[in-house]
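# Descriptive structure summary
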Amino acid sequence: MDDSEEIAPAVQSILDAARERGGGGDRVSVTGRSLPDAFDAAAADGRTPVIAEIKPTSPTAEGERTDDPVDLAQQMVEGGAAALSVLTEPEHFGGSAATLERVRDAVDVPVLRKDFILHEEQLDVVEADVVLLIVRFLEAEGTDDLADLLAAARERGFQVLVETHTAAEVEKAIDAGADIIGVNNRDLAELEVDLGTFESVATDVPESVTLIAESGIQTEEDVTRMRRAGADALLIGSAIMDHGAATDVEANTRRLTRADTDAAETTTDT
Ligand SMILES: O=P(O)(O)OC[C@@H](O)[C@@H](O)c1c[nH]c2ccccc12
């Protein structure tokens, strides 16, 4: 998406709500579990590094999953997830900071806080190992600067996943000092998924960056495709939470973490 494109009404509503949300009270200080180390450990163990996402609902999902998030988290880890992502956005995704806290207490893998952070004080809500910053949303008027927020997050001990959707956004992320970059296959204008997005954008990301393919990964073939295109890890929500009628979260996670563990290694870098 280039800067002139509209964003979907659902996304605008998420952003408007995010602007209204304040921060926490005390400044958070966290000793995080390393995300790159967790990816390496999974790969060494023969598993595709996957961040499994607990997302009770979303603007593009049908219905809401009401299982205990701690149960879901444990099934995901049992199924081989290298890390977890927990939505904390309350109004559109059914998330909460309390859920993230419970999940992080119950597992020992790194946990990503998935939210729409626009201001520094919004970092001071809950301890997490990793926080998400979305390049596109930090370009809007009245939001903090990406590089400043990145620094503020690191000062608190967070690792930072910087989310992009275009080559221009990857460049901004790198200029701001990002070392973990996600490419979201879902565009924020139509909310449609195209795995070709990762394939075209990944070529611009330096080898030293930990690169994550986000959204729309459903099948083992999709896993292979993203790994071949250079993904160090994959962020998967829907296909684990509610893959058609298959609601066995542990089995869904296992199926995707066992898919094509050596595709990345067989890719020749040119
Ligand atoms: O459910 P999916 O298609 O596997 O997608 C997971 C994740 O990538 C998606 O939930 C996501 C990507 N970036 C976000 C930013 C905010 C909220 C959610 C997201």
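- You'll find the chain entered in an unreviewed UniProt entry as Indole-3-glycerol phosphate synthase, with Haloarcula japonica given as the organism.
- Quoted straight from UniProt, the Sequence similarities (unreviewed entry) entry for the chain says "Belongs to the TrpC family."
- The UniProt entry for the chain carries this comment under Pathway (unreviewed entry): "Amino-acid biosynthesis; L-tryptophan biosynthesis; L-tryptophan from chorismate: step 4/5."

### Overview of the overall build of the chain
- In terms of regular secondary structure, the chain is built from twelve helices and eight strands.
- Against the compact-globule benchmark of 18 Å for 270 residues, the chain has a radius of gyration of 17 Å, which places it among compact chains.
- Seen through its principal axes, the chain has C-alpha atoms that stretch 45 × 45 × 35 Å.
- Split into buried and exposed, the 270 residues of the chain put 53% on the buried side.
- When contacts within the chain are restricted to residue pairs at least 6 apart in sequence, long-range pairs at least 24 apart make up 68% of them.
- When the accessible surface of the chain is summed, it comes to about 11,500 Å², and 43% of that surface belongs to carbon and sulfur atoms.

### A word on the site of the ligand
- The immediate surroundings of the ligand are formed by 17 residues, with Glu53, Glu163, Ser215, Gly237 and Ser238 found nearest.
- Ser215 is positioned with one of its side-chain polar atoms (N or O) 2.7 Å from an oxygen atom of the ligand.
- At a separation of 2.7 Å, an oxygen atom of the ligand approaches a polar backbone atom of Gly237.
- The protein chains hide 95% of the 440 Å² of surface that the ligand would expose on its own.
- When each cavity is represented as a set of grid points, the ligand is found to reside in the second largest pocket.
- At the level of secondary structure, the elements contributing two or more residues to the shell around the ligand comprise strand S4 (130–134) and strand S8 (233–236).
- For the shell around the ligand, a count of residues per class yields six nonpolar, five polar and six charged.

### Thoughts on helix H3 (residues 69–78)
- Along H3, the residues that are buried comprise Pro69, Val70, Leu72, Ala73 and Met76. Down the axis of H3, the smallest arc covering the buried residues is 160°, so these residues share one side.
- Elements in contact with the buried residues of H3: strand S1 (50–54), strand S2 (83–87), helix H5 (97–106), helix H10 (238–241) and helix H11 (249–257).
- Capping of H3 at its N-terminal end is provided by Asp68; its side-chain oxygen lies 3.1 Å from the backbone amide nitrogen of Val70.
- Just past H3, the residue Gly80 takes up positive phi, approximately 110°.

### Description of a negative patch on the surface
- A grouping of Asp37, Asp40, Glu207 and Asp232 is seen on the molecular surface, where their side chains present a negatively charged patch.
- You can see Asp37 is positioned in helix H2 (residues 35–44).
- Residue Asp37 is classed as exposed on the basis of its relative accessible area of 51%.

### Overview of the sheet that holds strand S6 (residues 180–184)
- The parallel closed barrel is built from eight strands, whose spatial order is S1-S2-S3-S4-S5-S6-S7-S8. Neighbour-to-neighbour, the strand axes of this sheet turn through a mean angle of 25°, independent of strand direction.
- One ladder, built from four bridges, connects S2 with strand S3 (residues 111–114); its direction is parallel. Its bridge partner being in S3, Leu84 is matched across the sheet by Val111.
- Packing of H2 onto the sheet brings it into contact with S1, S2, S4, strand S5 (159–164), S6, strand S7 (210–214) and S8, and relative to S7 it is tilted by some 75°.

### A closer look at the confidence of the model for the chain
- The share of residues in the chain with pLDDT of 70 or more is 93%, and the mean pLDDT across the chain is 91.
- In this model, residues 266–270 is a region of pLDDT below 50 whose contacts with residues beyond four sequence positions or in other chains number four contacts.
- In the predicted assembly, ipTM is 0.97 and pTM is 0.93.

### Thoughts on the environment of Glu141
- Within the secondary structure, Glu141 is located in the loop between S4 and helix H6 (146–155).
- Placed 51 residues apart in sequence, Glu141 and Glu192 show a C-alpha to C-alpha distance of 25 Å.

### Let's talk about the pairing of S1
- The buried fraction of S1 is high, at five of five residues.
- Residues Val50, Ala52 and Ile54 point to one face of S1 and Ile51 and Glu53 to the other, with burial holding for every one of them.
- Note that S1 and S8 share three bridges and pair parallel. When the bridges of S8 are listed, Ala52 appears paired with Ile236.
- Handedness of the crossover joining S1 and S2 through H3: right-handed.

Rules behind the numbers
Residues numbered from 1 in each chain as written. Predicted model: local features only at pLDDT ≥ 70, side-chain atom pairs only at ≥ 80, totals over all residues. Heavy atoms only, no water. UniProt positions renumbered as here; feature names shortened; annotations may be inferred. Helix = DSSP H or I, 4+ residues; strand = E, 2+ residues; numbered from the N terminus. Rg over C-alpha atoms; globule rule 2.2 N^0.38 Å. Buried < 20%, exposed > 50% of the residue type's maximum accessible area, 1.4 Å probe, protein only. Contact = heavy atoms within 4.5 Å. Areas by Shrake-Rupley, 256 points an atom, 1.4 Å probe, with all protein chains shown as cover. Near = heavy atom within 4 Å. Polar contact = N/O pair within 3.5 Å; in protein donor to acceptor, adjacent residues only side chain to side chain. 1 Å grid on protein atoms, 1.4 Å probe; cavity = no way out; pocket = protein on both sides within 12 Å on 5 of 7 lines; lining within 4 Å. Sits in = over half its atoms within 2 Å of the grid points. Nonpolar A, V, L, I, M, F, W, Y, C, P; charged D, E, K, R; others polar. Arc of directions from axis to C-beta. Patch = residues over 30% accessible without salt bridge, like charges linked within 9 Å, V, L, I, M, F, W, Y side chains within 5 Å. Salt bridge = Lys/Arg side-chain N within 4 Å of Asp/Glu carboxyl O. Lys, Arg positive; Asp, Glu negative; His and termini not counted. Charge placed at Lys NZ, Arg CZ, Asp CG, Glu CD. Pairing = 2+ DSSP bridges. Axes fitted to C-alpha atoms, helices over the stretch in contact; angles between N-to-C directions. pLDDT = per-residue confidence, 0-100. Right-handed = clockwise from strand over helix to strand, strands pointing away.

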